Amino acid sequence: MNPETKNCQNCKKDFTIESEDFAFYEKIKVPPPTWCPECRFVRRLVVRNERSLYKRQCALCGKDKIMIYGPDYRGAVYCYQCWWGDTWDASTFGKEYDFSKSFFEQFKNLFASVPRMGIIQQGMNVNSEYTNRASDNKDSYLIFAASDNENCYYGTSYWDAKDCVDDYNIYKSERLYECIDCYDSSNLRYSQECHSCLDSSFLFNCRNCSNCFGCVNLRNAQYCIFNKQYSKEEYKKKLEDLAITPFTINGYKERVANLRKNNPLPCLMQHRGVDVSGNWLEECKNIKNSFSCKNAEDGKYLFGISGAKDVMDYTYWGASSGLMYEDINIGRQCASVSFSHESWDQLTNAQYCINCHSSSNVFGCVGLRKKQYCILNKQYTKEEYEELVPRIIQHMDTMPYVDAKGRKYTYGEFFPPELSPFAYNETIAQEYFPLTKEEAREKGYRWRDPDIKNYQITKTPDDLPDHIKDVEDSITEEVIGCSHGGTCNHQCTTAFKIIPQELQFYRQMNLPLPRLCPNCRHYERLKQRNPLKLWHRTCQCSGEKSEARSTKSETFQYTNTATHTHGDQPCPTEFETSYAPERQEIVYCEQCYNAEVA
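Scoring rules and cut-offs
- Residues numbered from 1 in each chain as written.
- Predicted model: local features only at pLDDT ≥ 70, side-chain atom pairs only at ≥ 80, totals over all residues.
- Heavy atoms only, no water.
- Helix = DSSP H or I, 4+ residues; strand = E, 2+ residues; numbered from the N terminus.
- Contact = heavy atoms within 4.5 Å.
- Pairing = 2+ DSSP bridges.
- Buried < 20%, exposed > 50% of the residue type's maximum accessible area, 1.4 Å probe, protein only.
- Arc of directions from axis to C-beta.
- Salt bridge = Lys/Arg side-chain N within 4 Å of Asp/Glu carboxyl O.
- Axes fitted to C-alpha atoms, helices over the stretch in contact; angles between N-to-C directions.
- Core = buried A, V, L, I, M, F, W, Y, C linked by side-chain atoms within 4.5 Å.
- Expected span 1.5 Å × (residues − 1).

**Q** Just checking my understanding: could you explain the environment of V479 for this structure?
**A** As for its position among the elements, V479 is in the loop between α9 (437-442) and β30 (480-481). For the pair V479 and A112, spaced 367 residues apart in sequence, the C-alpha to C-alpha distance is 38 Å. Setting aside chain neighbours within four positions, we find V479 in contact with Y455, Q456, I457, T458, K459, A495, F496 and K497.

**Q** Is there a simple way to explain the pairing of strand β22 (residues 285-331) in this structure?
**A** Strand residues, when the strand is regular, have side chains that alternate between the two faces of the sheet. Sheet topology note: the strand β21 (residues 274-282)/β22 ladder contains six bridges and is parallel. Each bridged residue has a counterpart across the sheet, and for N279 the counterpart in β22 is F291. Sheet topology note: the β22/strand β23 (residues 335-344) ladder contains seven bridges and is parallel. Note that in β23 the partner of I328 across the bridge is H341.

**Q** Where do I start with helix α1 (residues 19-28) in this structure?
**A** Note on helix geometry: an α-helix contains 3.6 residues per turn, so any two residues three or four positions apart are oriented the same way. Among the residues of α1, D21, F22, F24, Y25 and I28 are the ones counted as buried. Down the axis of α1, the sector holding all buried residues measures 160°, keeping them to one side. Looking at the packing, one finds that the buried side of α1 touches β1 (4-7), β2 (14-17), α2 (37-45), β22 and β23. K29 sits one or two residues past α1 and shows a positive phi near 60°.

**Q** How should the environment of G123 be read in this particular structure?
**A** Note that G123 resides in the loop between β7 (121-122) and β8 (131-135). Looking at G123, the relative accessible area reads 46%, which means it is partly exposed. Counting along the chain gives 30 residues from G123 to F93, while the straight-line C-alpha distance between them is 28 Å. Discounting residues that sit within four places of it in the chain, G123 has contacts with Y80 and D136.

**Q** Is there a simple way to think about the pattern of salt bridges in this case?
**A** When their charged atoms lie close together, side chains carrying opposite charge are able to pair. A full pass over the atoms with the stated rule returns 35 salt bridges. The closest approach of N and O atoms between D166 and R521, which form a salt bridge, is 2.9 Å. Taken together, the positions of D166 in the loop between β10 (153-159) and β11 (168-171) and R521 in helix α11 (residues 518-528) put the pair 355 residues apart, joining distant regions of the chain. Like R521, D166 is buried.

**Q** I tried to follow the sheet that holds β23 on my own but got confused; where do I start?
**A** Within a sheet, adjacent strands bond to each other through the backbone by hydrogen bonds, running parallel or antiparallel. If you walk across this open sheet you meet the eight strands as β20-β21-β22-β23-β24-β25-β26-β27, and the pairing is mixed. Bordering the open sheet on either side are β20 (270-271) and β27 (378-379), each of which pairs with just one other strand. With three bridges joining them, strand β25 (residues 360-363) and strand β26 (residues 372-375) adopt parallel strand pairing. From the neighbouring strand, S360 faces β26, where its bridge partner is Q372.

**Q** For this particular structure, what's the right way to read the sheet that holds strand β17 (residues 222-225)?
**A** The six strands are arranged β12-β14-β15-β16-β17-β18 in an open sheet whose pairing can be described as mixed. Edge positions in the sheet fall to β12 (174-177) and β18 (228-229), since each of these pairs with one other strand and no more. Of the pairings in the sheet, the one linking strand β14 (residues 186-189) to strand β15 (residues 198-201) comprises three bridges and is parallel in character. Each bridged residue has a counterpart across the sheet, and for R189 the counterpart in β15 is S201. Here helix α5 (residues 232-239) sits on the sheet and contacts β15, β16 (210-213) and β17; the angle it forms with β17, its principal contact strand, is near 45°. The strands touched by helix α10 (residues 500-509) are β12 and β14; relative to β12, the strand with the most contacts, the crossing angle is about 90°.

**Q** Before we go on, may I ask you to explain the nonpolar core in this structure?
**A** Side chains of a nonpolar character, in soluble globular proteins, are inclined to be buried together. Within the largest apolar cluster, 166 residues are counted, with the highest numbers of intra-cluster contacts made by F103, F363 and Y432. At 17 residues, β22 tops the list of elements feeding residues into this core. Ignoring any residue separated from it by four or fewer positions in sequence, one finds Y432 in contact with L45, Y168, F303, Y316, L526 and L532. Counting residues in each nonpolar core, the second largest holds 21 residues, with Y158, L203, C206 and A221 among its members.

**Q** For this particular structure, what's the right way to read helix α6 (residues 249-261)?
**A** A rise of 1.5 Å per residue sets the reference length of α6, with its 13 residues, at 18 Å; its end C-alpha atoms lie 19 Å apart and thus fit the reference within 8%. Buried residues of α6: I249, Y252, V256, L259 and R260, and no others. Along the long axis of α6, the arc covered by the buried residues comes to 100°, so they all point the same way. Of the residues in α6, the exposed ones pointing more than 90 degrees away from the buried face are N250 and E254. Structurally, α6 contributes buried residues whose contacts are with β16 and β19 (264-266).

In structure tokens:
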């Protein structure tokens, strides 16, 4: 089919369905979407609570546990051990399909009745109770979307890390602090987009560097400060004057930001990719408009996918999965799954399912394990199932569900946001597409006001010592006020405590105490990443120099150090990039960037 322009049912903006999109929809036998890619993405994100934790009682064993459902959630919530136990069976909640009611109305009632999994953890998590979407962690606290870590605190997307604090998306690293998208690194502070770096601070997009400070785009470098080379002795002497204190951190960040503006940046961060667009892509092939993916092939509109093929509108996980569409939180050898979430371990031929595992041929089910041929959790024979599912699909089109905003949900739509058990600001939708309370409610989302706290702040941020050497052990007994004081839109907790292991880390790394609560620190890291959006642009390499980028007070321009294939003429290469056209950075295509930096 030819490309087709449609008007999004949600945001009312036009979007294009490409020919290859239609081919995928035909392959998995689903109709084309009525929501645009971004609205579909947000609709999936509103079911993923990652960081909002509460203490509540397990509805089965009665013990107080850390869970992702607040005390105001009325459904039954089981702790990890009880949910996976054999004392209950979700099929006992099975319901006969009622053709006098819409599918989503019936599913909503089923979803409300089946007990929910209180925390998302897998494997052996030792002394790591305060973690979510976590597997095989040890002695860790408040880390999320994390696997195989030890002694890690306050971070998201930690993979095989040790002794790391306040980071986002780090792999195979140790002793990292306030780092973002860093890999195979050690003893690194305040750095971003770095690989294989050691004993350094305030780096951006550096590779195989050690003993560097405040540098951008360096490769295989040592003893550099703000991209200037020094001898080992000079470096050590100058480093003594570059103390990291609460008052110097922003100044160092500003100098690095200026270096970034005066040096070319790649249009996208990708490694060993073929025919890809998006950002943060590792060993991907034919992947379009996707972010934070690894080993993905033949996909579009992906986020957080590792190990998947033939997939579209797929958010989080993968692990040898294929033919996935409009799914989130699903992985480990899953196949032919659509409009589902929170399911794993060889779920196949499934549609509209939540919390179903090791099952096949299931439609509109919740909480099933090792089941086949079920609809609304009710067991059918193979023949009954195959006869009934097409009738339900037709019924979804003839009797659509209409939500409070008047949006229609026929077959082919993901779950209506009003079916999410979480408020908008409890989910990661708020992290990537932030809204105010008023904006969220106007768009039809629920909002959860912060709980009233009864603690007393015993130390303000201004009262904290500037240097870690002046911090006493008694700081772990203090309730410290967050500098934002709840005035931001970052789910600010208004106060926080320093745990003993954290204090030991700051002392070992010679770092000042934080002035913001963990949630606000997390949002400050997210602000440093590019958005999950793409703009069509042309390479800014003009031949011998880059295009000049000007502000009211400054002009930024880079002089090339190598001869490019386009010679002294402007580079004609066009690309998709997460750098918006109005930004000040100088953005090169991959070929021009590699000629200068790689």
